[in-house]
Amino acid sequence: MGKNLVEKILGAHLVSGELVPGSEIAIRIDQTLTQDATGTMAFLQFESMGLDRAKAELAVSYVDHNTIQVGYENADDHAYLRSVAQRYGVVFSKPGNGICHQLHIERFGKPGKTLLGSDSHTPMGGGVGMIAIGAGGIDVAVAMGGGAFYLTSPKVTLVRLSGTMQKGVSAKDVILKLLSILGTNGNVGTMIEYGGPGIDSLDLPSRATIANMGAELGVTASVFPSDEVTRQFLAAQLRPNDWTPLAADPDANYERIIEIDLNTLEPHIACPHSPGNIATVASLAGTKVNQVLFGSCTNSSYRDLCTVALLLRGKHVHPEVEVGLAPGSRQVVVMLSRDGLLGELVASGVRILENACGFCIGNHMSPASNAVSLRTNNRNFEGRSGTKSAQVYLVSPETAAAAALTGVITDPRTLADIPAVPAPERYTVDDALFLFRETAGQGVPDTPIVRGPNIGAVPSGQPLPAKLDGIAAIKVGDKITTDHIMPAGARLKYRSNVPAYAKFVFEDVDSTFYDRSSANRDAGHHNVIIAGESYGQGSSREHAALCPMYLGVKAVIAKSIERIHCANLINFGIIPFVFDDPSAYDTIAENDQIVIDDLHAVINDTKGQATIRNLTKGSSFTATVALSDRQKTLLLHGGLLAAVAKGAI
Ligand code: MIC
Ligand code: SF4
């Protein structure tokens, strides 16, 4: 039996385990990526592991999220990250260089390699033929130090594309269509491979867009073959030697095959407040739009923004629409400017924003109350834009441009001239904002580490108690995202300071959570989170586990938990239980007292099943935590850092 692409790449990196779907494997990581919002904590953890330097083939520390610099906090983080990168032999991407995923594709991504990043959209690297995975910062810190990454050996789904991409339809529509088929939950433990004749009509940035939003499906990675399109892209980025061909064997096996015909694919749109609420653009045509924003790692390539500029060329944006555009990288800005397109965009009435995450993470251009905002980014969770009442829709650059011109949701296929942007023969390359390339992997050991007042300490977890003496501190519903648990936007600046950031846990869900959970903890109780389906969707931010740990949360009991968040919970000593019978969820109310008599027996048990007594209701139910031996060790010690400190792993 031939091998699929996933089997080939994972097989070449396997450190332990077997490629049997569902079982735990460990893989060698070639490259790591961190960004500033998760990176300060990742590097503080790296420091506390006592390693002398980064040992992965390549480690890059990007600054792209917190570039707003109102107050000293962001700049403190940047100074810390810069010094720590130099000390440990990590490439540092200065603020102003661009968004980590776009930059990584442009400058470092290589077919057949593995990439682990402390950001959920790291899978964008799959566009260039890598197995690229998002994880919590501490897992990335371990991989940076040369340690293996543990994951569930995936089931592999083939998405076979046929036909040719039609005018006005683009990569975003492919992934939104796939979201309409697979949804945002239930895809844990899967990797997606793209294939079929249709991929020939997808240039590299389009493939990267599709791989990027695999994060919204909840799959572990998405990967494209490395072919002539990949070769041409790497050559145009002046990296011809980084190309190697890579394809699945013709008789490769897949768990599932999904067919998408590009000839008949329509423009799609994700409606408020989930990337899984998919409709066709045509079905919403005529809806008034107040704001249009282009950019984010999903759609900020030269291909995308050139398309937008050509669609708007010589016209003005609709008088009632506010329009902003954030390019993905310095290369994109320079090329748009070289082509005169930046000036044309300004002439059309577009506000040019910094080439950074900006609006995507609620750090810029929050819409007005109740406004309809059409964006090319990847997440439209309620409130993520910074305005809770805003109605945020996710669309392709073509659909966003059409609305910018008409003021209403418009099928872009109705526009007269839809440009085709050919793949550039040569990108403008200037790596001046990547510092310390010459000492990468070596480091400069005597570099002093700069710690301003915003750089806190990493709290350490406590060993597993004998008994869970819990209070159901909060009961939440389905699809609670890490943005609900640990808000970003205006709160992002506290990322390096856990006691300060912890004050905002569940801020928008229940603003009393901090006070109540602190009081429970101080009274000697463990806090327990009760949740519905797909708890912890979205971002990889480990603060959504770390800050609850700081507030004394010891267990989550949910109907289901998403992959990255589940791993983060274990890394911080929080037990991720899943209800055996989901109807038990209905029997628990907030503030119920919840007890597990012998926690050690549960963790050491092969099934991991616990009988949980609800003392308030006088009832009981069962829940299970499925753990590998390594994860048991982490929980027994109170998390990964504590286990490393004790030499237990
Ligand atoms: C996001 O898009 O939600 C973020 C902000 O990039 C996060 C990382 C973070 O919270 O710092 C992600 O996707 O992992
Ligand atoms: Fe940045 Fe948005 Fe991409 Fe997250 S999704 S990395 S915030 S651009």
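For the structure, check the block above.
Thresholds, definitions, all that
Residues numbered from 1 in each chain as written. Chains lettered and ligands numbered in written order. Predicted model: local features only at pLDDT ≥ 70, side-chain atom pairs only at ≥ 80, totals over all residues. Heavy atoms only, no water. Buried < 20%, exposed > 50% of the residue type's maximum accessible area, 1.4 Å probe, protein only. Helix = DSSP H or I, 4+ residues; strand = E, 2+ residues; numbered from the N terminus. Arc of directions from axis to C-beta. Polar contact = N/O pair within 3.5 Å; in protein donor to acceptor, adjacent residues only side chain to side chain. Near = heavy atom within 4 Å. Nonpolar A, V, L, I, M, F, W, Y, C, P; charged D, E, K, R; others polar. Pairing = 2+ DSSP bridges. Axes fitted to C-alpha atoms, helices over the stretch in contact; angles between N-to-C directions. Contact = heavy atoms within 4.5 Å. Salt bridge = Lys/Arg side-chain N within 4 Å of Asp/Glu carboxyl O. Areas by Shrake-Rupley, 256 points an atom, 1.4 Å probe, with all protein chains shown as cover. Parallel < 35°, antiparallel > 145°, perpendicular 65-115°, else oblique. Left-handed = near helix turned anticlockwise from the far one by under 90°. 1 Å grid on protein atoms, 1.4 Å probe; cavity = no way out; pocket = protein on both sides within 12 Å on 5 of 7 lines; lining within 4 Å. Points joined across faces, edges and corners; volume = space filled by probe spheres on them. Disulfide = S-S within 2.5 Å. Phe/Tyr/Trp six-rings, centres within 6.5 Å; stacked < 30°, edge-to-face > 60°.

Participant: Quick rundown of helix α9 (residues 228-236)? Include the residues and the values.
Facilitator: Within α9, the full set of buried residues consists of V229, T230, F233, L234 and A236. Take α9 and look down its axis: the buried residues cluster within an arc of 160°, on one side only. Of the residues that open α9, the one with a side-chain oxygen 3.1 Å from the backbone nitrogen of V229 is D227. Positive backbone phi, at 60°, marks L238, one or two positions downstream of α9.

Participant: I'd like to hear about the site of ligand 2, residue by residue, with values.
Facilitator: All residues adjacent to ligand 2 are H65, H101, D119, H121, S296, C297, C357, C360, I361, N378 and R384. The residue makeup of the shell around ligand 2, split by class, is 4 nonpolar, 5 polar and 2 charged.

Participant: I'd like a description of the sheet that holds strand β12 (residues 256-261), backed by residues and values.
Facilitator: Read across the open sheet, the 4 strands follow the order β11-β10-β9-β12; overall the sheet is parallel. Every other strand in the sheet has two partners, leaving β11 (221-223) and β12 as the edge strands with one partner each. Direction aside, neighbouring strands of the sheet carry axes that sit 20° apart on average. Sheet topology note: the strand β9 (residues 155-162)/β12 ladder contains 6 bridges and is parallel. By the bridge assignment for β12, V159 is matched with I258. Set on the sheet, helix α1 (residues 5-13) makes contact with β9, β10 (190-195) and β11; between it and β10 the angle comes to about 120°. Set on the sheet, helix α6 (residues 171-182) makes contact with β9, β10 and β12; between it and β12 the angle comes to about 135°.

Participant: Please provide a residue-by-residue account of the sheet that holds strand β6 (residues 114-117), values included.
Facilitator: Taken in spatial order, the 6 strands line up as β7-β6-β3-β4-β5-β20 in an open sheet, and their pairing is mixed. Each end of this open sheet is capped by a strand with a single partner; those strands are β7 (131-134) and β20 (434-435). The pairing of strand β3 (residues 31-35) with strand β4 (residues 58-62) spans 5 bridges and is classified as parallel. Directly across from L33, in β4, lies its bridge partner V60. Along the sheet, helix α5 (residues 137-144) contacts β3, β4 and β6; its crossing angle with β3, the most-contacted strand, is approximately 140°.

Participant: So what's going on with the pattern of salt bridges? Residues and values would help.
Facilitator: Counted under the stated rule, the structure contains 30 salt bridges. Residue R28 pairs with D30 through a salt bridge whose shortest N-O separation is 3.0 Å. Its relative accessible area of 40% is what places R28 among the partly exposed residues. Within the structure, one salt-bridge network assembled from shared partners comprises R107, D431 and R437.

Participant: Go over the site of ligand 1, please, and point to the residues and values.
Facilitator: The environment of ligand 1 is made up of 14 residues, and the closest members are D119, S120, R495, S540 and R541. A distance of 2.6 Å separates an oxygen atom of ligand 1 from a polar side-chain atom of S120. Contacts to ligand 1 include R495, whose side-chain N or O atom sits 2.7 Å from an oxygen atom. In isolation ligand 1 exposes 340 Å². Once the protein is present, 96% of that is buried. Within the shell around ligand 1, the residues separate by chemical class into 2 nonpolar, 7 polar and 5 charged.

Participant: Tell me about the packing of helix α2 (residues 36-48) against α5, and please be specific about residues and values.
Facilitator: Put simply, α2 and α5 touch, their axes get as near as 8 Å, and they point 50° apart. One element, α2, and the other, α5, form an angle in the oblique class. With respect to the hand of their crossing, α2 and α5 are arranged in right-handed fashion. Between α2 and α5, the residues in contact are A42, F43, Q45 and F46 and G137, I138, A141 and M144, respectively. Split into classes, the residues belonging to the contact of α2 with α5 amount to 6 nonpolar, 2 polar and no charged.

Participant: Please set out the layout of surface pockets residue by residue, giving values where relevant.
Facilitator: Estimated volume of the largest pocket: approximately 1000 Å³. Taken together, 39 residues form the lining of the largest pocket, with T152, V188, C566, A626 and Q631 sitting closest to its centre. Elements with a minimum of two residues in the lining of the largest pocket: β8 (149-152), α19 (563-571), β24 (575-579) and α21 (629-637). Take the lining of the largest pocket: its biggest share by element is 6 residues, from α19. Classifying every residue of the lining of the largest pocket by side-chain character gives 18 nonpolar, 14 polar and 7 charged. Lining of the second largest pocket is provided by 28 residues; of these, S201, D203, R303, A420 and V421 occupy positions nearest its centre. Counting residues per element, the ones that place at least two in the lining of the second largest pocket are α7 (204-212), α9 and α11 (302-312). Partitioned by chemical class, the residues of the lining of the second largest pocket number 16 nonpolar, 7 polar and 5 charged.

Participant: Break down the side chain of D304 for me, citing the residues and quoting the values.
Facilitator: The topology assignment puts D304 in helix α11. With residues near it in sequence (within four places) discarded, D304 still touches T209, T298, N299 and P397.

Participant: If you had to explain the state of the cysteines to someone new, which residues and values would you point to?
Facilitator: A complete count under the given rule lists 0 disulfides for this structure. Just so you know, C100 is unpaired, no disulfide at all, and the nearest cysteine sulfur is the one on C357, 6.1 Å from it. Among the residues examined, C100 registers a relative accessible area of 0% and is labelled buried. You can see C271 has no disulfide; the closest cysteine sulfur is in C360, sitting 18 Å from it.

Participant: A description of the packing of aromatic side chains should follow, citing residues and the corresponding values.
Facilitator: Within this structure, the stated rule accounts for 10 aromatic pairs. With centroids separated by 6.4 Å and ring planes inclined at 65°, the aromatic side chains of F43 and F46 adopt a geometry described as edge-to-face. Here F43 and its partner F46 are both found in helix α2, 3 residues apart, which amounts to about one turn of the helix. By relative accessible area, F46 is classed as buried at 0%. Their ring planes at 80° and their centres at 5.0 Å tell us that F46 and Y88 sit as a pair that is edge-to-face.

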